[in-house]
Amino acid sequence: MRLQAAATALLLIYGTGNAFTSLSTKSPTKASFQTKLSATTLRPPTRYPETPERVAEVRDRFTEATIDAANAKGCSNENGKEDEWWRTDLNESYREVTPDSPLRVIVAGGGVAGLVTAAACHAKGMKVAIFEQASQYAPYGGPIQIQSNALRALERINPKIYEEIVKAGTTTADRVSGLKIGYKKGVFLNLGQQYERGDWLVKFDTCVPALEKGLTPTVVVDRPVIQQILLNHGIPESTVRIKSRIASYEELGEGKGIKVQLTDGTIAYADVLVGADGIWSSVRRIMHGLDAGADGFAASGAAGGALNEAEARRMAKDSVLMAGNANRRYSRFTCYAALCEHRASNIEEVSYQILLGKDKYFVSTDGGGERQQWFALIREDSGGVDPEPTEENPTPKLTRLLNEFNNVAPGDKNGDVWDDFAHELLLATPEENIKRRDLYDGSPLVSQGWSKGQVAICGDAAHPMMPNLGQGGCQATEDGFRLAEELSSVKHTKNISGALNTYFLKRIGRTTIIQILAQLGSDLLVDFDLMM
Ligand SMILES: Cc1cc2nc3c(=O)[nH]c(=O)nc-3n(C[C@H](O)[C@H](O)[C@H](O)COP(=O)(O)OP(=O)(O)OC[C@H]3O[C@@H](n4cnc5c(N)ncnc54)[C@H](O)[C@@H]3O)c2cc1C
């Protein structure tokens, strides 16, 4: 039956624990790693209801990390010191790489990909510097799932980072996750059952498959907290230089390094340049010879996004133009996202659910500390913005969403009356917490590649993907791990380009599959209605 086939496909796609843990065990050092984890830390998680103390702790930590991010704590800026290592010209010579003369790596972009890559390279003894264009971090969309595969990579990069992330995280594998029917649905070809709104269609297990592979079950962590942990435990203070946009770079010859130019005219030198600069990557634009309009400030991943509503509106329009130049794909979904302080009515039973509907769906996750993260994906043209608040309608985003997911007759514009849960979360969310972004992704860069000479790309710059699988940041984390592993084997700067090519070859198959599944996931979800 089509319905059953669709459910099976979705189970395959959304059974993230299963899919990604099995994909993530192909490493040569798997056995020793698993033995260590199994012996020390891994037990099925037990659900302990939130206490007032934990609620306060989670919320306070989030507030503190958000303030740190806004103040760019631990970062330097354009007024930084004059003796940074990257100011020294390498004199266009190649050399042996030794502990006294380690590789010098510049990372463009201080999002998840950039911070993890820098932490991984630093852990291997390399010198690192991150140039981040933004003046502060402006996280979009609340916490993210750090899944078992990314936790494994983090532990191998730096056990302290792993410990801190798990400690700060909220476990979701201790309760049900899955897909629900958003509203009452008729009978398919007069066969099968009648679905009521809120009926489970598929439940998936993110716990047992992880534990069976010796991996830690997924945790949900606030984005600023992740950044804070990586900054505090992954890299030396002032490694990130904010207000530093990379404008161009030039290869100085094989093994002879890279010359990087910032938009303020600053020149920097390194052996390797890593473009972790998001979906509108400048490094990718130069590497792949794309048009001038293919990079820039635009709504992209988690960091460096819009700081306010006016900027968000401008970015929505700019992204449409940029996507054309950069060969990125508009996913056909705009995404409203927020974190709300609310003890969900299903908190003890459900940790993650998607309410499915026609041309839209509503995703929610327990964010810990009696907070729910939700995002609503609605299929529509790109570049749309919400009306400005007025006296009659001071909350235009909320008003729209309450209509889109209307839980009382006559329902939404299709006449569908939605499950109450979307309304429960929407009504607990202040308008100003709701951020909107069109979602873009791209085709896998199989033929173009992710590296050229002494330059490579990673994270969303290399494989932007839809958020359905919760794998964008996790794959960026794996990239950082793999990149540092390959670079750490370089004994002579002439071997850098070979190491970067190996990094690409090892990563492209896995990320291509995940990118395609993430894209297919969205399309299947909203076309699901047709199958019922
Ligand atoms: C709603 C939503 C939910 C998601 N949920 C999850 C989840 O649960 N789990 C998960 O793993 N992933 C999730 N993702 C995906 C994840 O957010 C992204 O894949 C991840 O943030 C990408 O990180 P990045 O560092 O590659 O890119 P970005 O976060 O975009 O960072 C790139 C950085 O580079 C900077 N930059 C750009 N150009 C330059 C330049 N020329 N010079 C210097 N700096 C520059 C930018 O300012 C920015 O700070 C989600 C995404 C969305 C939209």
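Everything discussed here concerns the structure shown above.
Below: a short report on this structure. (Residues numbered from 1 in each chain as written. Predicted model: local features only at pLDDT ≥ 70, side-chain atom pairs only at ≥ 80, totals over all residues.)

If you trace the backbone, Gly383 turns up in the loop between strand E16 (371-379) and helix H12 (396-404). By C-beta crowding, Gly383 is classed as partly exposed, having 16 other C-beta atoms within 10 Å. Sequence spacing of Gly383 and Ala316 is 67 residues, and the spatial spacing of their C-alpha atoms is 5.0 Å. (Helix = DSSP H or I, 4+ residues; strand = E, 2+ residues; numbered from the N terminus. Buried ≥ 20, exposed ≤ 12 C-beta atoms within 10 Å, placed from the backbone.)

Okay, the sheet that holds strand E19 (residues 455-457) next. In spatial order, the strands read E8-E2-E1-E12-E19-E18; together these 6 strands make up an open sheet with mixed pairing. Of all strands in the sheet, those with a lone pairing partner are strand E8 (240-241) and strand E18 (451-452), marking the two edges. Bridge count for strand E12 (residues 272-275) against E19 is 3 bridges, and the pairing is parallel. By the bridge assignment for E19, Leu273 is matched with Val455. Contacting strand E1 (104-108), strand E2 (127-131) and E12, helix H5 (residues 112-123) runs over the sheet at an angle of about 170 degrees to E2. (Pairing = 2+ DSSP bridges. Contact = placed C-beta atoms within 7 Å. Axes fitted to C-alpha atoms, helices over the stretch in contact; angles between N-to-C directions.)

A few words on the pairing of strand E10 (residues 258-262). Pairing between strand E9 (residues 246-251) and E10: 5 bridges, direction antiparallel. Bridge pairing links Tyr249 to Val260 in E10. Joining the antiparallel neighbours E9 and E10 is a turn of 6 residues, in which Gly253 adopts a positive phi near 120 degrees. In this sheet, strand E11 (residues 267-270) lies alongside E10 in antiparallel orientation, the contact comprising 4 bridges. Residue pairing across strands places Ile258 opposite Ala270, the latter belonging to E11. Where E10 folds back onto E11 in an antiparallel hairpin, the turn is made up of 4 residues, including Gly265, whose phi is positive at roughly 95 degrees.

This paragraph deals with the packing of helix H6 (residues 148-157) against helix H14 (residues 472-488). Look at H6 against H14: their axes get within 8 Å of each other, and the N-to-C directions meet at 30 degrees. Judged by the angle between their axes, H6 and H14 are roughly parallel. Note on packing geometry: the crossing formed by H6 with H14 is left-handed. Only Cys474, Thr477, Glu478 and Phe481 of H14 make contact with H6, whose side of the interface consists of Asn149, Ala150, Ala153, Leu154, Arg156 and Ile157. Along the lines of polarity and charge, the residues of the contact of H6 with H14 split into 6 nonpolar, 2 polar and 2 charged. (Parallel < 35°, antiparallel > 145°, perpendicular 65-115°, else oblique. Left-handed = near helix turned anticlockwise from the far one by under 90°. Nonpolar A, V, L, I, M, F, W, Y, C, P; charged D, E, K, R; others polar.)

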